[in-house]
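Commentary on secondary and tertiary structure
Each chain, letter by letter, is given below.
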Amino acid sequence: MVSEPMTAPKGNGLTTALDIVVSPADAFARLRVVPTWGYAFLIAAVLGMVGGFLGSAASEHATIASIPAAMAKNPAAAQMTPEKRQASIDAQVGITKAVSKFNFAFVPLILLVSALLQSVYLLIFNAIVRGEGNFKKYWALAINISIVGIGLGTLVLGVIELIRGPEAFNSQSDLFNALPSLAWIVPGSTGFLHGFLASCSVFALWATGLFAMGLIGMARIKPAQAYVGAGLMLVFGAVIGGVFASFQG
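Cut-offs used in this document
- Residues numbered from 1 in each chain as written.
- Predicted model: local features only at pLDDT ≥ 70, side-chain atom pairs only at ≥ 80, totals over all residues.
- Heavy atoms only, no water.
- Helix = DSSP H or I, 4+ residues; strand = E, 2+ residues; numbered from the N terminus.
- Contact = heavy atoms within 4.5 Å.
- Phe/Tyr/Trp six-rings, centres within 6.5 Å; stacked < 30°, edge-to-face > 60°.
- pLDDT = per-residue confidence, 0-100.
- Salt bridge = Lys/Arg side-chain N within 4 Å of Asp/Glu carboxyl O.
- Buried < 20%, exposed > 50% of the residue type's maximum accessible area, 1.4 Å probe, protein only.
- Patch = residues over 30% accessible without salt bridge, like charges linked within 9 Å, V, L, I, M, F, W, Y side chains within 5 Å.
- Areas by Shrake-Rupley, 256 points an atom, 1.4 Å probe, with all protein chains shown as cover.
- Expected span 1.5 Å × (residues − 1).
- Core = buried A, V, L, I, M, F, W, Y, C linked by side-chain atoms within 4.5 Å.
- Axes fitted to C-alpha atoms, helices over the stretch in contact; angles between N-to-C directions.
- Parallel < 35°, antiparallel > 145°, perpendicular 65-115°, else oblique.
- Left-handed = near helix turned anticlockwise from the far one by under 90°.
- Nonpolar A, V, L, I, M, F, W, Y, C, P; charged D, E, K, R; others polar.

Considering the side chain of Asn144
- Relative to the elements of secondary structure, Asn144 occurs in helix α8 (residues 135-164).
- Those residues within four positions of Asn144 in sequence are excluded, and the remaining contacts are Thr16, Ala17, Ile20, Leu31, Thr36, Trp37 and Ala40.

Dropping the structure here:
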């Protein structure tokens, strides 16, 4: 449980952002009084963009390698002549090569959309359990925790992809499985199950714990309720990951 500080903490956004990693209780004590998020957004965006850039070649290779298999499962493609099917594959490969090199530039937008969805969820949960949070606090909480959930997670994934090399990734499943996650305890899982478990990576689990601590420290929500609320958010995200993985085959 986060104890009350002796004096009102000052709103140092940079210190708060760094403390999310090294001293989260102190960070949440500050965010409760002054919900800063600018430095946190900058740090998360830079980490995520660097990670996305490092992993761009692996992501491109995985996407291109999976195109023929996806085409084979497409009923419309089955009606094409071999020439048209190959032309369609070539077109998709061209688009992938053109776009994948700039995927890292979308990280700031992903951060903002993710924080907005998380803030709305937390605000609804806050109303249900009658916490002391508000949108401003939850927005700051989501952005600061994105340093872990998106920033560090994407950076470490990018480093892993760079070290292993693009040829080690021949499908989206390979990309999902690069980070340590619950999918590692169920080897051979595919489709929805694999996507669901892979979404529960070490960084997602770390972020979930931070969200629970934040709900306790910033909104004075009971610990049991806070961990349930944070856990449900993890499950919702994992379901989305599972659905995405099922469409990827």
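Here we look at the packing of aromatic side chains
- Applying the stated criterion across every chain, the model contains nine aromatic pairs.
- The interplanar angle of 85 degrees and the centroid separation of 5.8 Å between the aromatic rings of Tyr121 and Phe236 together place this pair among those described as edge-to-face. Taken together, the residues Tyr121 in helix α7 (residues 107-129) and Phe236 in helix α12 (residues 223-248) connect sequence positions 115 residues apart.
- An aromatic cluster of at least three residues, connected via ring pairs, comprises Trp37, Phe41, Phe135 and Trp139.

Quick word on the confidence of the model for the protein
- Across the protein, the average pLDDT comes to 89, with 94% of residues at 70 or higher.
- For the stretch residues 1-8, pLDDT sits under 50, and the model shows five contacts to residues farther than four places along the chain or on other chains.

A closer look at the pattern of salt bridges
- Applying the stated rule across the entire model yields two salt bridges.
- Its salt-bridge partner being Arg30, residue Asp19 comes within 2.8 Å of it at the nearest N-O pair. Placement of the pair is Asp19 in helix α1 (residues 13-22) and Arg30 in helix α2 (residues 24-33), with a sequence separation of eleven residues.
- The partner of Glu132 in a salt bridge is Arg32, and the shortest N-O contact between them spans 2.9 Å. Here Glu132 is found in the loop between α7 and α8, whereas its partner Arg32 is found in helix α2, with 100 residues between them in sequence.
- Residue classification places Glu132 among the partly exposed residues on the basis of a relative accessible area of 43%.

Looking at the environment of Ile95
- Assignment of secondary structure puts Ile95 in helix α6 (residues 82-100).
- Considered as a pair, Ile95 and Ala224 are 129 residues apart in the sequence and their alpha carbons are 48 Å apart.

Thoughts on a nonpolar patch on the surface
- A cluster of nonpolar residues, Phe192, Val228, Leu232, Val235, Phe236, Val239, Val243 and Phe247, forms a patch on the protein surface that exposes about 710 Å² of accessible area.
- The element best represented in the nonpolar patch is α12, accounting for seven residues.
- For Val235, the location among the structural elements is in helix α12.

A short note on the environment of Gly51
- Structurally, the position occupied by Gly51 is in helix α3 (residues 38-54).
- Residue Gly51 is classed as buried on the basis of its relative accessible area of 2%.
- Setting aside residues up to four positions removed in sequence, Gly51 forms contacts with Thr154, Leu155 and Gly158.

Topic: α3
- With 17 residues, α3 should reach 24 Å at 1.5 Å per residue; the first-to-last C-alpha distance of 24 Å fits that figure.
- Considered for burial, the residues of α3 that qualify are Ala40, Ala44, Ala45, Leu47, Gly48, Gly51 and Gly52.

Focus: the side chain of Glu60
- Tracing the backbone shows Glu60 in helix α4 (residues 56-72).
- Residue classification places Glu60 among the buried residues on the basis of a relative accessible area of 16%.
- Apart from the residues lying within four places of it in its own chain, the contact partners of Glu60 are Thr96, Lys97, Ser100 and Lys101.

A look at the nonpolar core
- Ranked by internal contacts, the top residues of the largest apolar core, which has 41 residues, are Leu122, Leu141, Phe211 and Ile221.
- Elements that contribute at least two residues to this core include exactly α1, α2, α3, α7, α8, α11 (202-219) and α12.
- Residues Ala62, Phe169, Leu175 and Ala178 belong to the second largest nonpolar core, which totals five residues.

So, the packing of α3 against α8
- Running from N to C, α3 and α8 cross one another at 20 degrees; their axes reach a closest spacing of 7 Å. Taken together, α3 and α8 sit at an angle that is classed as roughly parallel. Our pair here, α3 against α8, has a crossing hand that is left-handed. On α8, the residues touching Ala40, Phe41, Ile43, Ala44, Leu47, Gly48, Val50, Gly51, Gly52 and Leu54 of α3 are Ile143, Asn144, Ser146, Ile147, Ile150, Gly151, Leu152, Thr154, Leu155, Gly158, Val159 and Leu162.
- In terms of residue class, the contact of α3 with α8 is made up of 14 nonpolar, eight polar and no charged.

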